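Tertiary structure, described
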Amino acid sequence: NAGVTQTPKFQVLKTGQSMTLQCAQDMNHEYMSWYRQDPGMGLRLIHYSVGAGITDQGEVPNGYNVSRSTTEDFPLRLLSAAPSQTSVYFCASSFLNTEAFFGQGTRLTVV
Amino acid sequence: QQQVKQSPQSLIVQKGGISIINCAYENTAFDYFPWYQQFPGKGPALLIAIRPDVSEKKEGRFTISFNKSAKQFSLHIMDSQPGDSATYFCAASSAGNTPLVFGKGTRLSVIA
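Here we summarise the structure given alongside this text. (Residues numbered from 1 in each chain as written. Chains lettered and ligands numbered in written order. Predicted model: local features only at pLDDT ≥ 70, side-chain atom pairs only at ≥ 80, totals over all residues. Heavy atoms only, no water.)

1. What to know about the environment of B:Gln38
So the rule is basically this: Working definition: helices are DSSP H or I runs of at least four residues, strands are E runs of at least two. Numbering for both runs from the N terminus. Residue contacts are defined here by distance: any two heavy atoms, one from each residue, within 4.5 Å place the two residues in contact. N or O atoms within 3.5 Å of each other form a polar contact, as long as, within protein, one can give a hydrogen and the other can take it, and as long as residues adjacent in sequence are counted only when both atoms are side-chain atoms.
With respect to the helices and strands, the residue B:Gln38 is situated in strand S4 (residues 33–38). It is 9.9 Å that separates the C-alpha atoms of B:Gln38 and B:Asp84, two residues lying 46 residues apart in sequence. When sequence neighbours within four positions are dropped, the list of residues in contact with B:Gln38 reads A:Gln37, A:Phe90, B:Gly43, B:Pro44, B:Ala86, B:Thr87 and B:Phe89. Polar side-chain contacts of B:Gln38 include one of 2.8 Å to the backbone oxygen of B:Lys42.

Structure representation (structure tokens):
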């Protein structure tokens, strides 16, 4: 049972480049979400999905896109990377209003 | 706006002591209050959670106290150990289509 799998673990991007952070879960959870973690800021919600084909914005959505074509996958796209997007990104999945399971994180540096 | 306020930001406790972390929330629709523990380089993992039909929940050395009227909840770690040194996050969500919102975290250091 893999749980929530994020790839890559580490990434360095140049300003203006685009990339996709991958997230997959094998627990058949309807809820999936992306958070970013910055020192002293806690976990801030970027985007979330309550099921395939349904996404919504969180607290800090600017500069990011998401889609949910299957229950298992919820990729996060950075359209044009900026240094302010340097952060650790976590994907999480859960059933409605229950324990959320987190991936191991992707540490992104934008130079 | 910050929906869940957590304090203190950091905490140093002697081995064997009691660690207490507090959280306050504003949204009265919240009905699920978990605490997550995070070690360096790892994702957060659920430690213990409570729903508002009870005022306290205990699992081993970890206890959540919940005060619905004050809109506050707290985590107590009894007999704190060096292995408890981690960052702790409180969070909240509701039965509607709302994901978890997190406090800013508390870095706990337990010293021998």
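2. A few points about the pairing of strand S5 (residues 45–50) of chain B
Residue and element names in this part refer to chain B. As a reminder of what qualifies: In this analysis, strands are considered paired if DSSP registers two or more bridges between them.
Pairing between S4 and S5: 5 bridges, direction antiparallel. Following the sheet pairing, Tyr-36 is matched in S5 by Leu-46. Counted along the chain from S4 to the antiparallel partner S5, the turn is 6 residues long, and its residue Gly-41 has a positive phi close to 80 degrees.

3. Focus: the packing of aromatic side chains
Operational definition: By convention, a stacked pair of Phe, Tyr or Trp rings (six-membered ring in the case of Trp) has centres within 6.5 Å and planes under 30 degrees apart, an edge-to-face pair has planes over 60 apart, and any other such pair is tilted. Only protein chains enter the accessibility calculation, which uses a 1.4 Å probe; a residue whose area is less than 20% of its type maximum is buried, one above 50% is exposed, and one in between is partly exposed.
Tallying each qualifying case throughout the model produces 15 aromatic pairs over all chains. Ring geometry for A:Tyr35 and A:Phe102: centres 5.9 Å apart, planes at 40 degrees, overall tilted. Pair noted here: A:Tyr35 is in strand S4 (residues 31–38) and A:Phe102 is in strand S10 (residues 101–102), with a separation of 67 residues, a long-range link. Note on A:Tyr35: relative accessible area 1%, which makes it buried. On the basis of relative accessible area, A:Phe102 is assigned to the buried category, the value being 9%. Relative to B:Phe102, the ring of B:Phe89 has its centre 6.3 Å away and its plane inclined at 90 degrees; by these criteria the two rings are edge-to-face. With B:Phe89 in strand S9 (residues 86–92) and B:Phe102 in strand S10 (residues 101–102), the pair connects residues that are 13 residues apart, well separated along the chain. The class for B:Phe102 is buried, based on a relative accessible area of 9%.

4. Some details on the pattern of salt bridges
The cut-off we apply is this: A pairing counts as a salt bridge when a side-chain nitrogen of Lys or Arg comes within 4 Å of a carboxyl oxygen of Asp or Glu.
A complete count under the given rule lists 4 salt bridges over all chains for this structure. B:Glu59 is the partner of B:Lys57 in a salt bridge, and the nearest nitrogen-oxygen pair spans 3.7 Å. Owing to a relative accessible area of 39%, B:Glu59 belongs among the partly exposed residues under this scheme. Two residues, B:Asp84 and B:Arg61, come together in a salt bridge whose shortest N-O distance is 2.8 Å. Of this pair, B:Asp84 sits in the loop between strand S8 (72–77) and S9 while B:Arg61 sits in the loop between strand S6 (56–59) and strand S7 (62–67), and the two are 23 residues apart along the sequence. Judged by relative accessible area, which is 27%, B:Arg61 ranks as partly exposed. One network of salt bridges, with partners in common, ties together A:Arg36, A:Asp38 and A:Arg44.

5. Considerations on the interface of chain A and chain B
Note: interface size is frequently given as the accessible area lost on complex formation between the parts. Keep this limit in mind: Note on terms: buried area is the combined drop in 1.4 Å-probe accessible area of two parts once they are placed together, counting the loss on both.
Listed by partner, the interface residues are 19 residues for chain A and 23 residues for chain B. Summed over both sides, the interface of chain A with chain B buries roughly 1700 Å², with 53% coming from carbon and sulfur. There are 0 salt bridges connecting chain A and chain B. Counting the contacts that link chain A with chain B gives 7 residue pairs in polar contact (both at pLDDT 80 or more). Looking at the side of chain A that touches chain B, the elements with two or more residues in it are S4 and strand S5 (42–51) of chain A.

Read these as geometric descriptors, not functional statements.
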